[in-house]
Amino acid sequence: MKRITVFCGSSSGHDDYFCAQAEAFGHTLAVRNIGIVYGGARIGMMGALANGALAAGGEVIGVIPGFLRAKEIAHEGLRELVVVDTMHERKVKMHELSDGVVALPGGFGTMDEFFEMLTWGQLGLHAKPIGLYNISGFYDNLIEFSRTMVDQGFLNHCNRQMILDACSAEELLDKMERYTPPAIEKWVTRSELS
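These numbers were taken from a predicted model, which means no experiment stands behind them.

Thresholds applied
Residues numbered from 1 in each chain as written. Predicted model: local features only at pLDDT ≥ 70, side-chain atom pairs only at ≥ 80, totals over all residues. Heavy atoms only, no water. Helix = DSSP H or I, 4+ residues; strand = E, 2+ residues; numbered from the N terminus. Expected span 1.5 Å × (residues − 1). 1 Å grid on protein atoms, 1.4 Å probe; cavity = no way out; pocket = protein on both sides within 12 Å on 5 of 7 lines; lining within 4 Å. Points joined across faces, edges and corners; volume = space filled by probe spheres on them. Nonpolar A, V, L, I, M, F, W, Y, C, P; charged D, E, K, R; others polar. Axes fitted to C-alpha atoms, helices over the stretch in contact; angles between N-to-C directions. Left-handed = near helix turned anticlockwise from the far one by under 90°. Contact = heavy atoms within 4.5 Å. Disulfide = S-S within 2.5 Å. Buried < 20%, exposed > 50% of the residue type's maximum accessible area, 1.4 Å probe, protein only.

Turning to helix 5 (residues 108–122), a few remarks are in order. In this model, helix 5 (15 residues) spans 21 Å end to end at C-alpha, consistent with the 21 Å of a helix rising 1.5 Å per residue. Where helix 5 terminates, the next one or two residues include Gly124, which has phi positive at roughly 85°.

Here it is, written out as structure tokens:
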């Protein structure tokens, strides 16, 4: 993987450990020579992630809607800051610039981004690995809930396996490197989507 899109909170959370792990993750990606595409903010988990990578000489590309840049939360120390018009354009651009996706802890925005990438993968729009970095068990309930979706017949087990989760950065990145997309597609073929 050349670049990974990382979705995470613009907040820091109540425990400093989350930001420390985001910063360490940025450092790990830089050391592994994997660039980062992220939401472009200088605050919260996003800022910690970017700063960790930049301190290790990593490539960091931010993608931010103009209305958020105007609120002066944009990280101005990045190699590249792409300014888009809408939140949807932000997701599309982040997707275009990367070879995989990781979600760190975050709120509604992080979940929206993570699930949209999963849905696109399920529909065959991409074959990129999608990971949950489960820092301090943050995503335990979500992982369990995805199993409930399978158990209740709302999600195919094959598509559930698209969620790569791990409690360590190295384990997660190794899983992403080995990822093979599901062989089945959901209702439509890739050619029908073009």
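Alright, that's what it looks like, and here's the rest.
So, on to the layout of surface pockets. The computed volume of the largest pocket comes to approximately 330 Å³. The wall of the largest pocket is formed by 22 residues, among which Cys8, Gly9, Ser10, Gly107 and Thr110 lie closest to the centre. Broken down by element, the lining of the largest pocket gets its largest block of residues, 4 residues, from helix 5. Residue classes in the lining of the largest pocket are distributed as 11 nonpolar, 9 polar and 2 charged. Phe115, Leu118, Thr119, Gln122, Leu142, Ser146, Met149, Phe154, Leu155, Asn159, Met162 and Ile163 are the residues that line the second largest pocket. At the level of elements, helix 5 and helix 6 (140–151) are the ones that each hand at least two residues to the lining of the second largest pocket. Of all the elements, helix 5 adds the most residues to the lining of the second largest pocket, at 4 residues. Classifying every residue of the lining of the second largest pocket gives 8 nonpolar, 4 polar and no charged.

Axis separation between helix 1 (residues 16–31) and helix 2 (residues 44–55) bottoms out at 6 Å; the angle between their running directions is 35°. Here helix 1 and helix 2 pass one another in a crossing that is right-handed. Each of Phe18, Cys19, Ala22, Glu23, Phe25, Gly26, His27 and Ala30 in helix 1 lies in contact with helix 2, whose residues at this interface are Gly44, Met45, Ala48, Leu49, Gly52 and Ala53.

This structure, assessed with the given rule, holds 0 disulfides. Unpaired in this structure, Cys8 has its nearest cysteine sulfur neighbour in Cys19, at a distance of 8.5 Å. By relative accessible area, which is 4% here, Cys8 ends up buried. A disulfide-free cysteine, Cys167 has its sulfur positioned 18 Å from the sulfur of Cys8, the nearest such atom. Taking the relative accessible area as the measure of exposure, Cys167 reaches 56% and is therefore exposed.

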